[in-house]
Amino acid sequence: SMQTSATWNGVAFGKQKFVAVAGDVTTVRISNDGENWDETGTLSTTGFTAIAYGKNRFVAIKYGTNVTNYATSTTVTGTWTAGTLPSSSNWNGLAYGNNRFVTVSSTSGTTAAYSLDGITWAASTLPATAQWTKVTYGQGLFLAVSTTTAAATSPDGVTWTTRATSTAASGFSAITFGNRNRYG
């Protein structure tokens with residue numbers, strides 16, 4: 001079962017596995033069915049805020065530092081490997097799409113980064129100063145949202161276009177993409 005004493009911040013699905021990271025423990029929980037969380041892995045430290053899957057790799061980002069962790073689908077139950085983002089920041093959102101990982105920072109500014117393999121990262125610049133909270137990918141675009149009406153889209157995590165959300169929304173703490181061609 002899932003460890004209930006932890007603060008679970010993110011879950012990703014890949015290679016028929018759900019993998020969850022928490023902010024306050026180094027244990028990664030793994031499930032083959034989304035119900036029984038009976039496998040574990042080990043992160044290098046605590047404080048992880050998001051996880052994504054792509055290119056046969058799970059990647060997790062961390063708040064308040066430049067540390068990432070990654071593992072392949074075959075090493076996810078072992079000790080994860082530490083990686084490095086281009087700067088120390090409050091990395092808070094992470095998505096995979098268009099053959100790359102993209103992350104945004106909730107430190108007030110324009111900080112973002114992208115990686116083609118989940119290991120080597122490069123800095124990119126969002127088009128507006130904001131506390132960027134989340135990023136998702138769908139229909140060929142990354143969409144980043146913030147605690148204000150600031151939003152941005154990018155096909156590649158490098159070149160960003162300014163967008164705006166409704167003033168009624170007053171910021172977002174979560175975002176996802178749903179396939180408009182499927183009805184459930």
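Treat the numbers as computed from the prediction; the structure is a model and nothing was measured.

Thresholds, definitions, all that
- Residues numbered from 1 in each chain as written.
- Predicted model: local features only at pLDDT ≥ 70, side-chain atom pairs only at ≥ 80, totals over all residues.
- Heavy atoms only, no water.
- Helix = DSSP H or I, 4+ residues; strand = E, 2+ residues; numbered from the N terminus.
- Rg over C-alpha atoms; globule rule 2.2 N^0.38 Å.
- Buried < 20%, exposed > 50% of the residue type's maximum accessible area, 1.4 Å probe, protein only.
- Lys, Arg positive; Asp, Glu negative; His and termini not counted.
- Charge placed at Lys NZ, Arg CZ, Asp CG, Glu CD.
- Contact = heavy atoms within 4.5 Å.
- Pairing = 2+ DSSP bridges.
- Axes fitted to C-alpha atoms, helices over the stretch in contact; angles between N-to-C directions.
- pLDDT = per-residue confidence, 0-100.
- Salt bridge = Lys/Arg side-chain N within 4 Å of Asp/Glu carboxyl O.

1. Structural notes on the overall build of the protein
On a plain count of helices and strands, the protein comes out with zero helices and 14 strands. Ordered by position from N to C terminus, the α and β elements of the protein give β-β-β-β-β-β-β-β-β-β-β-β-β-β. By the compact-globule yardstick of 16 Å for 184 residues, the protein fits well, its C-alpha radius of gyration being 16 Å. Projected onto its principal axes, the C-alpha positions of the protein cover 45 × 40 × 30 Å. Burial statistics for the protein: of 184 residues in total, 46% are counted as buried. Both charge centroids of the protein, one from 11 positive and one from 7 negative side chains, sit 11 Å from each other.

2. So, the side chain of T136
Mapped onto the fold, T136 is located in strand β11 (residues 132–138). Setting aside residues no more than four positions away along its own chain, T136 makes contact with A95, L141, F142, L143, I175, T176 and F177.

3. What to know about the sheet that holds strand β6 (residues 57–72)
With antiparallel pairing, the six strands of this open sheet are ordered in space as β5-β6-β7-β8-β9-β10. Among the strands making up the open sheet, the edge pair consists of β5 (48–54) and β10 (122–130). Taken pair by pair, the neighbouring strands of this sheet meet at an average axis angle of 40°, ignoring direction. Pairing of strand β8 (residues 100–105) with strand β9 (residues 109–115) involves four bridges; the strand directions are antiparallel. Among the inter-strand pairings, V104 is bridged to a residue of β9, identified as A112.

4. Some details on the confidence of the model for the protein
Scored by pLDDT, the protein comes out at a mean of 90, with 94% of its residues at no less than 70. Here strand β14 (residues 161–164) is the element of the protein with the lowest mean pLDDT, 91, and β8 is the one with the highest, 97.

5. Considering the pairing of β11
A large share of β11 lies buried, amounting to five of its seven residues. Connecting the antiparallel pair β11 and strand β12 (residues 141–146) is a turn made up of two residues, with Q139 showing a positive phi of about 50°.

6. A look at the pattern of salt bridges
In total, this model carries one salt bridge according to the counting rule given. The closest approach of N and O atoms between K17 and E39, which form a salt bridge, is 3.9 Å. One end of the pair, K17, is in strand β2 (residues 17–22); the other, E39, is in strand β4 (residues 39–42), and 22 residues separate them in sequence.

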